[in-house]
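# Geometric and topological summary
The lines below spell out each chain.
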Amino acid sequence: MPDLYIPENYKPLLSVKETEKAIVLLKDFFQLALSTELGLTRVTAPLFVKSGTGINDDLNGVERPVKFPVKDMEDAQMEIVHSLAKWKRLKVSELGLGCGFGIYTDMNAIRADETLDNLHSLYVDQWDWEMHIDENDRNVMFLRDSVERIYRVLKQTEFFVYDRYEQITPILPQKITFVYSDDLYRLYPNLTPKERENEFCKKHGAIFVIGIGGKLPDGSIHDGRAPDYDDWITESGDGHIGLNGDLLVWNPVLNQAMELSSMGIRVSKESLVAQLKERGCPERAELDFHKKLLSGSLVQTMGGGIGQSRLCMYFLRKAHIGETQVSIWPDSMIDECEKHGIAIL
């Protein structure tokens with residue numbers, strides 16, 4: 001059976017009916033607060049894109065997109081999106097938005113190669129957002145400022161939930177703690193990247209790990225990142241690598257760190273070429289998206305994704321993501337969850 005963690009003496013704080021209502025309230029509040037805080041306008045997004053254009057998110061570069069032919073388009077091949085990391089940059093450029101303004105959208109994806117557990121599902125739902133920024137804002141301080149603005153929205157959402165459900169008490173720390181992935185490596189050299197996140201996040205409650213995808217001191221990477229959207233190779237003034245990162249919170253129900261968002265300043269022409277070379281795929285520069293970026297047709301942006309079901313799972317103190325979204329799970333997992341009071345939708 002896929003990995004499944006059963007919290008000891010777990011009992012949902014809300015019934016299934018209350019949970020369904022709370023999900024709607026929480027999502028409506030969060031997306032309005034996020035769009036107001038970051039200056040984002042809502043747009044409609046695709047569920048699938050053409051294969052071979054370079055638009056789809058390649059995640060770690062090994063995951064297979066779900067593909068299908070289209071009869072009325074000369075058997076053109078389409079693929080379900082993994083996320084909209086690159087599509088959003090095209091959209092911001094097309095709309096001609098000024099610096100400091102951007103877009104957000106409901107992103108629905110299928111990730112067929114996902115390892116199913118308490119936090120991972122075949123079905124992915126995110127608020128994907130993207131903002132036009134100035135070239136001078138391509139620095140770690142601007143990244144940190146943006147993270148702090150998103151964290152303010154998380155704090156507001158936590159109070160919104162508590163105000164309606166008193167049994168769900170606030171636990172987020174007042175401030176988020178920043179750490180570079182290579183500093184995590186130096187702090188915990190004998191632990192795996194996930195174990196490092198757990199140790200540091202348990203101590204601080206909410207963290208942002210900067211530099212996901214760039215090489216650590218031993219030549220390994222903290223976690224995989226595609227080479228053509230986030231910039232993880234650019235060095236900042238203090239020698240640390242990366243203009244991207246992951247936002248994690250400590251989940252007391254699962255007793256582990258939980259990623260709520262992945263985000264970053266997007267690649268420049270120079271960092272795209274360097275990262276394609278680093279990952280051994282320079283030929284991707286010939287794909288449609290990459291040609292547009294290298295020709296200067298796309299504006300500089302930053303953006304990310306915030307998991308909708310994960311956010312609901314965290315704030316409603318659920319033990320399994322299947323309690324806040326409808327997906328497909330192995331029968332053995334469903335049976336085990338049912339035995340322990342975990343109500344899979």
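Above this text you will find the structure in question.
Conventions and cut-offs
- Residues numbered from 1 in each chain as written.
- Predicted model: local features only at pLDDT ≥ 70, side-chain atom pairs only at ≥ 80, totals over all residues.
- Heavy atoms only, no water.
- Buried < 20%, exposed > 50% of the residue type's maximum accessible area, 1.4 Å probe, protein only.
- Helix = DSSP H or I, 4+ residues; strand = E, 2+ residues; numbered from the N terminus.
- Polar contact = N/O pair within 3.5 Å; in protein donor to acceptor, adjacent residues only side chain to side chain.
- Pairing = 2+ DSSP bridges.
- Axes fitted to C-alpha atoms, helices over the stretch in contact; angles between N-to-C directions.
- Contact = heavy atoms within 4.5 Å.
- Disulfide = S-S within 2.5 Å.
- Salt bridge = Lys/Arg side-chain N within 4 Å of Asp/Glu carboxyl O.
- Phe/Tyr/Trp six-rings, centres within 6.5 Å; stacked < 30°, edge-to-face > 60°.
- Lys NZ or Arg CZ within 6 Å of the ring centre and 35° of its normal.
- Core = buried A, V, L, I, M, F, W, Y, C linked by side-chain atoms within 4.5 Å.

## A closer look at helix H8 (residues 308-315)
Counting buried residues in H8 gives eight out of eight residues, a clear majority hidden from the surface. Along H8, the residues classified as buried are Gln308, Ser309, Arg310, Leu311, Cys312, Met313, Tyr314 and Phe315. Of the residues flanking the end of H8, it is Arg317, one or two places downstream, whose phi is positive at about 60°.

## Brief notes about the side chain of Asp228
Take Asp228: it is sitting in the loop between strand S8 (206-210) and strand S9 (244-251). In this structure the side chain of Asp228 is engaged in a polar contact, spanning 2.8 Å, whose partner is the side chain of His290.

## Topic: the sheet that holds S9
With mixed pairing, eight strands are arranged side by side in an open sheet as S1-S5-S6-S11-S10-S9-S8-S7. Strand pairing shows two members of the sheet lacking a second neighbour, strand S1 (40-42) and strand S7 (177-180), which therefore form its edges. In this sheet, neighbouring strand axes are inclined to one another by 30° on average, regardless of whether the strands run parallel or antiparallel. The pairing of S8 with S9 spans five bridges and is classified as antiparallel. Each residue of the ladder has a partner; that of Ile210, found in S9, is Gly245. Contacting S1, strand S5 (102-110), strand S6 (123-132) and strand S11 (301-307), helix H1 (residues 16-38) runs over the sheet at an angle of about 20° to S6. Its contacts with the sheet place helix H3 (residues 140-164) against S6, S7, S8, S9, strand S10 (256-265) and S11, and it is angled at close to 130° to S10.

## Regarding the state of the cysteines
Under the definition given, this model contains zero disulfides. The closest cysteine sulfur to the non-disulfide-bonded Cys201 is located on Cys312, 19 Å from its own sulfur. When its relative accessible area of 0% is taken as the criterion, Cys201 is described as buried. Here Cys337 stays free of any disulfide, with the sulfur of Cys312 as its closest cysteine sulfur at 18 Å. On the basis of relative accessible area, Cys337 is assigned to the buried category, the value being 0%.

## Concerning the pattern of salt bridges
Per the counting criterion, the structure on display carries 22 salt bridges. Asp183 is the partner of Arg186 in a salt bridge, and the nearest nitrogen-oxygen pair spans 3.3 Å. Placement of the pair is Arg186 and Asp183 together in helix H4 (residues 181-187), with a separation of three residues, close to one helical turn. With its nearest N and O atoms 3.3 Å apart, the salt bridge here joins Lys215 to Glu278.

## Quick word on the packing of aromatic side chains
Under the definition given, this model contains five aromatic pairs. Measuring from centroid to centroid gives 4.8 Å for Phe30 and Trp127, while their planes differ by 35°, and the two rings are tilted. Highlighted residues: Phe30 in helix H1 and Trp127 in strand S6, separated in sequence by 97 residues. Like Phe30, the residue Trp127 is buried in the burial classification. Sitting above the plane of the Phe289 ring, Lys86 keeps its charged end 5.9 Å from the centroid. The ring of Tyr314 is capped by Arg317, whose NZ or CZ atom sits 5.2 Å from the centre of that ring.

## Topic: the environment of Glu235
Within the secondary structure, Glu235 is located in the loop between S8 and S9. Residues within four places of Glu235 in sequence aside, it is in contact with His240 and Ile241.

## Examining the side chain of Asp231
Mapping Asp231 onto the fold places it in the loop between S8 and S9. With a relative accessible area of 0%, Asp231 lands in the buried category. A distance of 3.1 Å separates the side chain of Asp231 from the side chain of Ser271, its partner in a polar contact. Here Asp231 is in contact with Arg138, Gly242, Leu243, Asn244, Ile265, Arg266, Val267, Ser271 and Gln275, once residues within four sequence places are set aside.

## Comments concerning the environment of Asp134
Among the secondary structure elements, Asp134 is positioned in the loop between S6 and H3. By relative accessible area, Asp134 is classed as partly exposed at 32%. A polar contact of 2.7 Å, which involves the side chain of Asp134, links it to the backbone nitrogen of Asn136.

## Things to note about the pairing of strand S3 (residues 67-70)
Of the strand pairs in this sheet, S3 and strand S4 (residues 76-80) are connected by four bridges, and their pairing is antiparallel. Residue pairing across strands places Phe68 opposite Met78, the latter belonging to S4. Hairpin connection between S3 and S4: a loop of five residues separates the two successive antiparallel strands, and Glu74 in this loop has a positive phi of roughly 50°.

## Here's the deal with the nonpolar core
In terms of nonpolar packing, the biggest core is built from 59 residues, with Trp129, Leu154, Phe208, Leu311 and Leu316 touching the most fellow members. Considering each element in turn, this core owes the most residues, ten residues, to H3. The next biggest cluster of nonpolar side chains, apart from the first, holds 21 residues, and it includes Ile55, Leu84, Trp87 and Leu276.

## Structural notes on the sheet that holds S3
A sheet is described by the order of its strands in space; here three strands give the open sequence S2-S4-S3, paired in antiparallel fashion. In this open sheet, the two edge strands, each paired with only one partner strand, are strand S2 (48-50) and S3. If you compare each strand with its neighbour and ignore which way they point, the axes differ by 35° on average. Here three bridges tie S2 to S4, and the two strands are oriented antiparallel to one another. Bridge pairing in S4 places Lys50 opposite Met78.

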